[in-house]
Amino acid sequence: MTKVLIIDDDVELAELFKDYLEQDGFAVDVVHQGEAGLRLALSGDYQLVILDIMLPDIKGTEVLIRIRLQSRIPVLMFTARGDDVDRIIGLESGADDYVPKPCTPRELAARIRAILRRTQPINDAGNGPIIAGPLKIWREKRRASWFDQDLELTSTEFNLLETLAKQFGRIVTKNELSEKALGRPLARFDRSIDVHMSSIRQKLGCQQDGRSYIQTVRGHGYQLVKE
Amino acid sequence: MGRLFWKFFLTFWLALLVAGIGVGTAVWLRHNTWQDNVDEPPRETIDLKHAASLLEVAESAYRYGGDAELRLFLGKLHTAHLPPVYAVDDQDRDILQRNVAPEVLQQARALFLQAAYPEAIRLVSSGKGQNYLLFVPLPEHGFSGHPPPMPTGNSNADFARPPPPQPDDHSSRHPRPHEPPSPLLPILAGIFASLLFSAALAWYFAKPIRNLRNAFAAVAKGNLDTRVGALMGNRRDELSDLAQDFDHMAGKIYSLVYAQQRLLHDVSHELRSPLARIQAAIGLAQQQPDKQQAMLERVERESQRMSDLVGELLVLARLEAGVSDSPSHEFDIGDLLDDIIEDARFEAARHEVVIRYDGIEETLVKGRGELLHRAIENVLRNALQHCQKGGEVAVMVSFDIFKRRLKVTIDDQGPGVAENDLSAIFEPFFRSGDHNKADSIGLGLAIAYRSIAAHGGLIQASNRPEGGLRIEIEIPFVE
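S.K.: How should the sheet that holds strand β1 (residues 86-88) of chain B be read in this particular structure?
M.R.: Within a sheet, neighbouring strands are paired by backbone hydrogen bonds and run either parallel or antiparallel to one another. All names here are of chain B. The strand order β1-β3-β2 describes an open sheet built from three strands, whose pairing is antiparallel. Sheet topology places β1 and β2 (121-125) at the edges, where each strand pairs with a single neighbour. Adjacent strand axes in the sheet meet at a mean angle of 25°, parallel and antiparallel pairs treated alike.

Here it is in structure tokens:
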């Protein structure tokens, strides 16, 4: 059974979600403090963390940054609906996705499944790695290397890079990226893909002429450049 | 440059010009009459005869007194306002070492050779071979470009006239000492100076006003941190006062807008929590029909909470806007407190807290009872919520007859508040350390604060030395 950790200071809400998700087939633990949540998230017992951005002791983004220092466990962030700043800070700090609050429990469960689906290793060993220029991706191990150096990627970043690598040299639309990497269609004014992409760019570095390896094609999408 | 600049500039310039022209005209007229009174009589004597008599005296002085006497006489002529008589020797040197323009001298010698004005130009010689050419260089004697006024029998009328003396030859005795200088230069200088002065003055006024205008435009655009005080420099006048007032206003607006924005942010957050719970409860009810009853109750509770929140917010907004729908009236403060405490006993029992209140005798005061009721009730409920289980909340009332003030003190036995937050607890949605969200909306003390302020009173919090929070309410009353 998939174990999920909810870190949220709203006791009643967390209990309601726990009730719903348990009925939906997850094992759920709830914790209301940031420090305690951080300890549990790093314990390795959980496959996914749901993190509220407002916590009484330390901020949710702070918890997230500290989780990311040690772990690549998928993190789903609760953000205030309509607050773009929170959302972008969350994604930049390494969240895999966000759910605006208030949300229905059904939506929450769907987001959790989407993240889990794309972070679960795929059993296609034997096909060998996907090779796109200096990039090598082993899907079954969820490992990627860049000029033979291991890349530290969050699961969403991994999925995005994988989608780009499969269509090496071609333009991939944002909508396709959103569906394949985030597991949901692109919403209007949704900047999540751009935020993740900027994070990947930083990890890949620049070409010799100063340009990024990932090109933005305005109005269309992104492209992993073929030399 | 704005319109104001040009208005100031043109007005001041015009004023300066008019003043300059007026003063100039007056001086000129006065000068003319003065010349008529003073200058004219001697001018009449400066004719050929007069010059001739001067020369005669000079000649006899030389003849009988020699160089010394001539020098003395000419020196006297020089200091008196009389036409100068030059005495130039063969080496072209004046006896008084005055500079004689070469053209003038040349003219004098030429006229002497022509014997044109024997009364005004003559040669005297001592026996020792020392010669002096005496002459009076006046226009009448053929010295300027003007034609000689009286052709005294001179047939040679069209003699070659020398060029007029250099106008810039100030060091030498000017051949035309009484002709006024050209008025063009002073007028030009006056116009230039007035232009400069007007421009400077106009700039001095227009610049701070332009700064202020830009600042207003910036504030209108939403840059509420615009300040102009620094642009005024060391200026100390009404305009710099205006700039200070502007800064004060901008600061006030900034803090008000900031407070409103924060309130809005807090409100949306506060509304979001019950909404999230309602949505979660609905989802759960759909998923597990057997829990529908419990979920419905939860939805009801949360919607009640939202309704309370909106109600309290409206109260707060009305208080902040200063709208008072409760007029001042006479009421018994003892009754009011009894009411509040009676209502609070039920809640106290729920929190397992005892209220200690000794009661006061009947005291009629005049004021806005509703506001006071709400304020005291909110403070008391806050104390009940934070008091430890089995603790005691004490309500005390005292009067200050002289200052005409009523003081209500409410003590609890809770954890108290951090010293830094003692004034912050009266702000909307402030929450101290413990997260007791379900119970409080977070507006009670903010409403109490504004109610008391609207009543002209004072409310303040302090930590009691023996532990717990003390809130004191002080309001004026009319007996």
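Having seen the structure, we can now continue with the description.
S.K.: Any chance you could explain the interface of chain A and chain B here in plain terms?
M.R.: The parts lose accessible area when they come together, and the size of an interface is often stated as this lost area. Counting residues at the interface gives 17 residues for chain A, matched by 15 residues for chain B. Every element with two or more residues in the side of chain A that touches chain B is listed here: α1 (11-23) and α5 (105-119) of chain A. At seven residues, the largest contribution of residues to the side of chain A that touches chain B is made by α1(A). A breakdown of the residues in the side of chain A that touches chain B according to their chemical character gives nine nonpolar, two polar and six charged.

S.K.: Explanation requested: the nonpolar core in the structure shown.
M.R.: Soluble globular proteins: nonpolar side chains tend toward being buried together. In terms of nonpolar packing, the biggest core is built from 42 residues, with A:V4, A:F17, A:V49, A:I50, A:L51 and A:V75 touching the most fellow members. When residues in this core are grouped by element, the largest group, six residues, is from α1(A). Each residue touching A:V49, except ones within four places of it in the same chain, is listed here: A:L5, A:I7, A:A41, A:I67, A:I73 and A:V75. B:V365, B:A383, B:L445 and B:A461 belong to the second largest nonpolar core, which has 39 residues in total.

S.K.: Would you explain the sheet that holds strand β9 (residues 458-463) of chain B in this entry?
M.R.: Residue and element names in this part refer to chain B. Spatial ordering of the open sheet is given by β5-β7-β8-β10-β9, a layout of five strands whose pairing is mixed. Two strands close off the open sheet at either side, each with one partner strand: β5 (354-357) and β9. Averaged over all pairs of adjacent strands, the angle between their axes in this sheet comes to 15°, without regard to strand direction. Those strands touched by helix α8 (residues 369-386) are β7 (392-400), β8 (405-411) and β10 (469-476), and its axis lies near 175° from that of β10. Lying over the sheet, helix α9 (residues 444-454) contacts β9 and β10, oriented at roughly 135° with respect to β9.

About the cut-offs
Residues numbered from 1 in each chain as written. Chains lettered and ligands numbered in written order. Predicted model: local features only at pLDDT ≥ 70, side-chain atom pairs only at ≥ 80, totals over all residues. Pairing = 2+ DSSP bridges. Helix = DSSP H or I, 4+ residues; strand = E, 2+ residues; numbered from the N terminus. Axes fitted to C-alpha atoms, helices over the stretch in contact; angles between N-to-C directions. Contact = placed C-beta atoms within 7 Å. Nonpolar A, V, L, I, M, F, W, Y, C, P; charged D, E, K, R; others polar. Core = buried A, V, L, I, M, F, W, Y, C linked by C-beta atoms within 7 Å. Buried ≥ 20, exposed ≤ 12 C-beta atoms within 10 Å, placed from the backbone.

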